[in-house]
Amino acid sequence: MSAGPVIAIVIPCYNEQDALPVSIPKMLEILDVMVTDNIVAPESYILCCNDGSKDSTWQTITDLHAQDPRVKGISLAHNRGHQKVLLAGLMTVRNNCDAAVSIDADLQDDPKAIIEMVKRFRQGDEIVYGVRSSRATDTWFKRTSAHAFYSLQKKMGVETVFDHADYRLMSNNALNLLAEYGEANLFLRGIVPHIGLKTGIVTYERAERVAGESKYPLSKMLSFSIDGITSFSAKPMRIIFTIGMILLFLDIAVAIWVLIAYFRGITIHGWASLMLSVWFLGSLILIGLGIIGEYIGKIYIEVKHRPRYAIAEKIW
């Protein structure tokens, strides 16, 4: 790769009309630096992936393409979510690049780390993860909830990279392997480590958004965590089974105590303990049914084999 590899920077976009005019010039500057230093080929480019935005994001992408043809774009037919629009972008570029770097449009992830990622790629790493060096700038709640997110994933048996979101470089070989994963319930943070290959890590400091609002509030993070766990691990159902076995032994002990009390003629009112037991066991049953329902719902979605996304427009 003495002439430099062709790198595609893939940017998922949802309502980013304010961020793109700031972030895209920054990305182009980084491409220019890498081309000048012979790190990447001049044919390297940026692909903006519009996820059915409600604002003028697609028009903004069109305008940016008119200003610089290295800015290309695809627009999904309707909103499909961050993971699917990112996959759509990666699958679009996989036959038109040597490696792809995925990064969000808000510039919270330092784009200068792309230079080090490409260098690691040229040294032989096929997947390079962008990992936050610290969370010192986060609020206590954000830092605690994020660490709880990664810890819960690990305890549930999901292989993820700590403090890594979806900022990563993937070689063409890695992209081709990713294309073989056909599940509709996408959790790329779990799928990519599952691919294997030689990996590396580049650390960076996370900044504030250049514009707009976060697309991942607490409710979406919780939903995202549940999706990740139920897509990669059956451990929650095993936990339910374990709790059931523990309760069975407790029931046997209570039954023995009740029989002893009955034959001794001890009058037991037991209203409070009965009500507490009913509510406790009822809650466990509903939680268990909810977890099983989550898995059944995912199976239902998978067996239909519907397309994961549809590209309505393309600017190349």
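That block above? That's the structure.
Residues numbered from 1 in each chain as written. Predicted model: local features only at pLDDT ≥ 70, side-chain atom pairs only at ≥ 80, totals over all residues. Heavy atoms only, no water.

A.B. asks: Which parts of the structure should I look at to understand the overall build of the chain?
C.D. replies: Per the secondary structure count, the chain includes 10 helices and eight strands. Within the chain, the fraction of its 316 residues that count as buried is 42%. Taking the intrachain contacts of the chain between residues at least 6 apart in sequence as the baseline, contacts between residues at least 24 apart amount to 84%. Accessible surface computed for the chain: about 16700 Å², of which carbon and sulfur atoms make up 62%. (Helix = DSSP H or I, 4+ residues; strand = E, 2+ residues; numbered from the N terminus. Buried < 20%, exposed > 50% of the residue type's maximum accessible area, 1.4 Å probe, protein only. Contact = heavy atoms within 4.5 Å. Areas by Shrake-Rupley, 256 points an atom, 1.4 Å probe, with all protein chains shown as cover.)

A.B. asks: Teacher, can you tell me more about helix H3 (residues 82–93) here?
C.D. replies: Since the α-helix turns once every 3.6 residues, residues separated by three or four places project in the same direction. Its 12 residues place the ends of H3 17 Å apart at the C-alpha level, agreeing with the 16 Å of an ideal helix rising 1.5 Å per residue. Taking burial as the measure, the 12 residues of H3 include 12 buried ones, the bulk of the element. Of all the residues in H3, the buried ones are His-82, Gln-83, Lys-84, Val-85, Leu-86, Leu-87, Ala-88, Gly-89, Leu-90, Met-91, Thr-92 and Val-93. (Expected span 1.5 Å × (residues − 1).)

A.B. asks: When you look at the pattern of salt bridges in this model, what are you seeing that I'm missing?
C.D. replies: For side chains of opposite charge, pairing can occur when their charged atoms come near one another. In total, this model carries five salt bridges according to the counting rule given. For Asp-166, the salt bridge goes to Arg-168, with nearest N and O atoms at 2.7 Å. The burial state of Asp-166 is the same as that of Arg-168; both residues are buried. For Arg-189, the salt bridge is made with Asp-166, and the minimal N-O distance between the two is 3.5 Å. With a gap of 23 residues between them, Arg-189 in helix H7 (residues 188–195) and Asp-166 in strand S6 (residues 164–171) connect regions that are remote in the sequence. Within the structure, one salt-bridge network assembled from shared partners comprises Asp-32, Asp-68 and Arg-70. (Salt bridge = Lys/Arg side-chain N within 4 Å of Asp/Glu carboxyl O.)

Read these as layout, nothing more, since geometry by itself doesn't imply function.
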